[in-house]
Structures are given as C-alpha cells and as structure tokens.
Amino acid sequence: MTTLDETHDPHRRSWVESANAPDTDFPIQNLPIGVFSLDGRSPRCGIAIGDAVLDIGIAHDKGWFTGDAAIAAESAITASLNDLFSLGCSPLRELRRQAASILAHDGPLAKSTRAAREGLLHARDACAMQLPVRVGNYTDFYAGIYHAKAAGALLTPEDPLPKNYKWVPIAYHGRASSVRVGGGTIKHPHGQRPPEDDGRPGFGPSRRLDFELEMGFFIGKGNALGQPIDIAGAGEHIVGFTLLNDWSARDIQRWEMFPLGPFLSKNFSTSISPWIVTADALLPFRTPAMARDAVDPAPLDYLLDADDQRRGGIDVALSVQLQTALMRGKGMPAVEILHSNARHLYWTPAQMVAHHTCGGCDLQPGDLIGTGTISGPEPDQLSSMLELTAAGARPITLPSGERRGFLEDGDEVVFTGKCHRDGFVSIGFGELRGRITA
Ligand code: CA
C-alpha cells in the first residue's frame, strides 16, 4: 500500500468552489472516476469534483496531463474504464495526482482564462452516469460477520455461522450481465417460492424482496491463470471502491439455495454507485483488519500479512434510506432505516483477492468483487430487511404510517457512504439509488 501525499492535504482547496463545501462528497481530496454521457454524445470518462465533472478527454486534448497520467488519460478516452484499470494502480494514481494539481486553487488553471478552461468541466447534474466498467466477472463475498450471524440465525438456525466461516472467506460467483449503475428501476423478480400447504412451490412475484448493503471493489491489473496473487501484493490489484446493492429475493433464495447456493434470487439485478473512489483517495481512511476474538483462529499464512492486518480494513460510514411511493406523493423525504460501517468486515479486500486466486483463478481488469452485506453489532446496524425485521416478523414503521417487512413496488432505496477522520477532509461515494417497479 502506498503512502499519503499532497493529494490528501486537508488544506488544499479547489478553484471549483462547490468542491470546498464542507458537506460535499467530492472535495479535491477525493476525485473519483466514472463514465458519463452528455447531450446525447457517446459516453466518456470523467472525474467528479464538487458539483462538476472534469472531462478527462478534454483535459488530455489540452495537454494538461504528462507522463503516466497522459498514458492513463489516453486509455480513458473510451466508454469504459477497463483499459485504464488494466494499467494497474500506478497510472491511475498519477492521473488523480495531476488532476488534483489542475483543480487546485493554486494550480496552473486557477488564474487561467475562460478559454483555457472551456469544455473542461460539466455540471454534474446534467451528466447521465453510465456503468463505468464492462464487468466481465462478478464475485460476491460473505465477509460481514454480523450479517452472516444474523442471516444465518434466520435461514439456517441449526448452524447460524458456518464452521468454515473464520477460516475461509466465503463467496459465490455472481452474475455480471445484470450489474447496473444506480439511479434506475429494479423490476420486481418472479420465481419459485417455497411450498405452502399443498406441498407445491408457488410461482410469481417475490414476496420477500430485499436489499443488501455492501461495498464493491474493482480489479486493476489481473493475474495469469494458475498464478495466485500474494496477500502482500493484493492491494495493488484493487483500483477503487463503490457502494453495491445486492438485490435479493429471500423467498426464492430460501427455496433454491441448497445445496449449491443462491441463483435466481440474486441474479436479476445488482446495482453499483456510479463514481469509483480510488484506493488512493481512501488511504487516510484505512483501518486495522477487524479484531478477531481471542478464541478465533489466526488466518492461514496465505491470508495473513502484517501490513494488511495493520491497515487493510476500510472505515466507511454507510447509511440506508427508504422512501415509499406514498411518501414521495406526500412530499416526504426518504428516511434513514439503518446505518453501518465497512470496518465490520471480518475479511479485508486484500484477503478476498488472495483467497479468490489461491487456487489459480485469474482475475481480470474490471472484475467486480462484492464484500457481502455489512451489518454491525447493533440492532439499527442490520443491513438488509431480512435482518432488520427478523424476516418480516417485526416490520418497521415509516413516517407515513406504512409498515414494511420487505420491499414493495414503488419503494426507493438509497445508499450513501462517507469517510471521516480527524485531520483529513471527509470524502463520500455519492448516492446509490434504486426503485422497485412491478
Ligand atoms: Ca450479498
């Protein structure tokens, strides 16, 4: 893992005034990368700064990037970030560093003429965000131990936390084709529901539609088939992080998942937030790997690295808000129903990468890895409706007077994530929104 540099300097301000607002997710210390389209033109890569988007292609055309950053910018003049990610972390790091310099209040553009800045920035509101990466493969881990315990107690009470849990970073191979960027609608899935009185399964819309609060991260440089990624170097394969919603149909899941795991209950849709916060921007917010109980086993050697144990976790405060159609109609804002923190992950992202590849599986640039649902130890930190309402037995009551055990058509779920640390400027992930439709 690299070290802090001038891009994390809390005193640095931008000539883009909105980036200096204390509550912005996108100060000059963040500079997440994404893909946008504007005015019907083809999608291209940009960097979020305050309420604006820096157009990487325009900045490159004007000659603002040099060296590795120019190579990175050249590879970002496409409709996806795969080529840029394939270069690994270093060119992206240099692109972010030079972008910060361009956007700094004392940088070369601060006093430049309007002509020099022409076309460089777009209003973020006017940009339609696209899926930033062609996701070749998507894997979803199960690294939130409080989720594993709570969901396990409901789904498999006889064995809530699998015996392998503290040894193996558990995951399943997800479906890449149905990964979408947030902001759209989620079509209510149909499928087989568990048998009722007549012993036959029902078929139709899921009656237990749910979200899962997760983080996702993207692979930069991959590895060759048969060549595992060592835990010590695994961090350099992770280019950036997003918020991830692993939409889940619990009734379909309960009926189908034994013995081979979830299938249709999770493959109908996965949403990610549009802005990828780079691993470098997150450096000040790294935290020790989750402390293990004294009785827990130490990770096996291939999952154990001193630096990863010291700062391989991530401290991201996460929040989930819900707004029903009725609330929207009455002009009532979305209400927070739970909050959590990514520090509650039992396994670090580097451990997930090392484990994923230990048998020789090759990861490729743009592969998406989900962490698993990130619940915390407290009752208001349970990060799915399944856990929050005890599988619907204890519905939550909303300000509209409505009750929810699971999601219903018209419900909109909003995830946010924010990093805070004394002595540093807070950065955020923006919003991840999704609305259920019939
Ligand atoms: Ca999941």
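No experiment lies behind these values; they were computed from the predicted model shown.

A.B. asks: Would you explain the coordination of the calcium ion in this entry?
C.D. replies: Six octahedral donors around a metal ideally make angles of 90 or 180 degrees; four tetrahedral donors ideally make 109.5 degrees. Only D140 (OD), E212 (OE), E214 (OE) and D246 (OD) from the protein reach the calcium ion as donors, at distances of 2.2 to 2.4 Å. One chain supplies every donor to the calcium ion, and in sequence these donors are spaced D-x71-E-x1-E-x31-D. Linking D140 in strand 6 (residues 138-141) with E212 in the loop between strand 12 (209-210) and strand 13 (213-219), this pair joins segments that are 72 residues apart in sequence.

A.B. asks: Just to check I follow, could you spell out the domain arrangement of the chain for this structure?
C.D. replies: A common way to express how large an interface is: the accessible area buried when the components associate. Domain assignment breaks the chain into domain 1 (6-130) and domain 2 (138-437). If you look at the interface, domain 1 gives 30 residues, while domain 2 gives 29 residues. Both faces considered, domain 1 and domain 2 share a buried interface measuring about 2400 Å² in area, 64% of it formed by carbon and sulfur atoms. When the buried surface of domain 1 facing domain 2 is broken down by residue, H8, F85 and C89 rank first, second and third, together holding 24% of it. Applying the counting criterion to the domain 1 and domain 2 interface returns three salt bridges. One salt bridge in this structure joins D25 and K418, with 2.8 Å as the shortest N-O distance. At the surface where domain 1 touches domain 2, the tally comes to 13 residue pairs in polar contact (both at pLDDT 80 or more).

A.B. asks: For this particular structure, what's the right way to read the sheet that holds strand 3 (residues 52-55)?
C.D. replies: Spatially, the five strands line up as an open sheet ordered 4-3-2-1-5, and their pairing is antiparallel. Among the strands making up the open sheet, the edge pair consists of strand 4 (121-123) and strand 5 (128-130). Each neighbouring strand pair of the sheet contributes to a mean axis angle of 50 degrees, computed without reference to strand direction. The pairing of strand 3 with strand 4 spans three bridges and is antiparallel. Bridge pairing links A52 to A123 in strand 4.

A.B. asks: Quick question: what am I supposed to make of the pattern of salt bridges here?
C.D. replies: A side chain with one charge may pair with a side chain of the opposite charge, provided their charged atoms come close. Applying the stated rule across the entire model yields 24 salt bridges. D307 serves as the salt-bridge partner of R311, at 3.0 Å between the closest nitrogen and oxygen. Here R311 and its partner D307 are both found in helix 9 (residues 306-311), four residues apart, which amounts to about one turn of the helix. What makes R311 partly exposed here is its relative accessible area of 22%. The shortest N-O distance in the salt bridge between E402 and R404 comes to 3.6 Å. In this structure E402 comes out as buried when scored by relative accessible area, which is 17%. What emerges from the salt-bridge pattern is a single network uniting D210, E212, D246, R250 and K266.

A.B. asks: I keep staring at the nonpolar core and nothing clicks. Help me out?
C.D. replies: Most often, soluble globular proteins have nonpolar side chains that are buried together. Of all hydrophobic cores here, the largest spans 61 residues; its most connected members are F211, M215, I337, L407 and F429. Beyond its immediate sequence surroundings of up to four residues, M215 is in contact with F241, T242, L244, I314, V316, L318, A342, I369, G370, T371, I374 and F429.

Rules used in this analysis
Residues numbered from 1 in each chain as written. Predicted model: local features only at pLDDT ≥ 70, side-chain atom pairs only at ≥ 80, totals over all residues. Heavy atoms only, no water. Donors = N, O, S within 2.8 Å, 3.2 Å for Na, K, Ca; no water. Helix = DSSP H or I, 4+ residues; strand = E, 2+ residues; numbered from the N terminus. Domains from an automatic or database assignment. Contact = heavy atoms within 4.5 Å. Buried area = accessible area lost by both parts, 1.4 Å probe. Salt bridge = Lys/Arg side-chain N within 4 Å of Asp/Glu carboxyl O. Polar contact = N/O pair within 3.5 Å; in protein donor to acceptor, adjacent residues only side chain to side chain. Pairing = 2+ DSSP bridges. Axes fitted to C-alpha atoms, helices over the stretch in contact; angles between N-to-C directions. Buried < 20%, exposed > 50% of the residue type's maximum accessible area, 1.4 Å probe, protein only. Core = buried A, V, L, I, M, F, W, Y, C linked by side-chain atoms within 4.5 Å.

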